[in-house]
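# Tertiary structure, described
What follows is each chain in one-letter form.
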Amino acid sequence: MKRLLLCCAFGLPAAGFADEGGDVYRQACAVCHAVGVAGAPGTPRLGVRQDWAERLVAGRPEMLRSVLKGKGAMPPKGGDASLSDAQAQAALDYMLSRVDSRAMAGDSRRP
Ligand code: HEC
C-alpha cells in the first residue's frame, strides 16, 4: 500500500491517470459487475445498456451516492474501504463511459 502511494506521489505519466477508473473497476468492481459473473440479481453489468437505463434516468449523482454509501447487495465502494472517494468516482465514470460507447455501437448496427 505504501509503495503504491509513493509511486503515485512521484508522478506517473499523465496517461497513467487516464485509465485510473478502469484500473479501479477491474480491481474493485468487476468481480460483481462484469458480464458473465454470477453477481447478485439486479447487478447492472458493464456495458449492458438495458441494465443501466433506469439508473441513467435517476442520474449520476444518485449513482455516485450508491457507490459511496452502498445500495442493496452492494457494500460501500464495492466493499473496498481502501478506495478514496475520487477512485470510486473514477470507477463509476469508467462504467458510465462503457454504457455510452456500447449504446453508440448498438445504434449503428443493421439488422
Ligand atoms: C459485491 C458485489 C459488488 C461490487 C464489488 C460492486 N458492486 Fe456495484 N452493484 C452491486 C449490486 C448488487 C448492485 C445493484 C444494487 C441495487 O440496485 O439494489 C450494484 C449497483 C451499482 C450501481 C448502480 C447504483 C444505482 O444507484 O442504481 C453502480 C453505479 C455501481 N454498482 C458501481 C460500482 C462500482 C463503481 C464499484 C467498484 C468500486 C462496484 N459497483 C462494486 C454489486 C457490487
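Let me begin by describing the structure that accompanies this report. Note on numbering: residues in each chain are counted from 1, in written sequence order. Local features in this predicted model are restricted to residues whose pLDDT is 70 or higher, and side-chain atom pairs enter the listing and the counts only when it is 80 or higher, whereas totals over whole chains, interfaces and linings include all residues.

## Topic: the overall build of the chain
We count a stretch as a helix when DSSP gives it H or I for four or more residues in a row; a strand needs E for two or more, and each element gets its number in order from the N terminus. Helix and strand counts for the chain come out as 6 helices and 0 strands. In sequence order, the chain lays out its α and β elements as α-α-α-α-α-α. Three exposure classes are used, based on other C-beta atoms lying within 10 Å of a residue's own C-beta, which is placed from the backbone: buried for 20 or more, exposed for 12 or fewer, and partly exposed in between. The proportion of buried residues among the 111 residues of the chain is 19%. Pairs at least 24 apart in sequence give 58% of the contacts found in the chain among residues at least 6 apart. Throughout, a residue-residue contact means that the two C-beta atoms, derived from backbone geometry, are no farther apart than 7 Å.

## Points about the nonpolar core
Core analysis: the biggest nonpolar cluster contains 13 residues, and V24, Y25, A88, A91, L92 and M95 have the highest contact counts within it. Sorting the residues of this core by element identifies α3 (20–33) and α6 (85–107) as the ones contributing at least two each. For this core, the leading source of residues is α6, giving 6 residues. Excluding residues that lie within four positions of it along the chain, Y25 makes contacts with A30, A91, Y94 and M95. Note on definitions: a nonpolar core is a set of buried residues drawn from Ala, Val, Leu, Ile, Met, Phe, Trp, Tyr and Cys, linked by C-beta atoms within 7 Å.

## Remarks on the site of the ligand
The C-beta atom of each residue is placed using the backbone, and any residue whose C-beta lies within 6 Å of a molecule or strand is treated as near it. Close contacts around the ligand come from 26 residues, with C29, C32, G72, M74 and G78 the closest. Elements represented by at least two residues in the shell around the ligand include exactly α3, α5 (60–69) and α6. Per element, the largest residue contribution to the shell around the ligand is 5 residues, and it comes from α3. Residues belonging to the shell around the ligand are distributed by class as follows: 14 nonpolar, 8 polar and 4 charged. Amino acid classes used here: Ala, Val, Leu, Ile, Met, Phe, Trp, Tyr, Cys and Pro are nonpolar; Asp, Glu, Lys and Arg are charged; the rest, including Gly, are polar.

## Considerations on unusual backbone geometry
In the Ramachandran plot, K77 falls in the positive-phi region, its phi being about 50° despite a non-glycine side chain. Position of K77 among the secondary structure elements: in the loop between α5 and α6.

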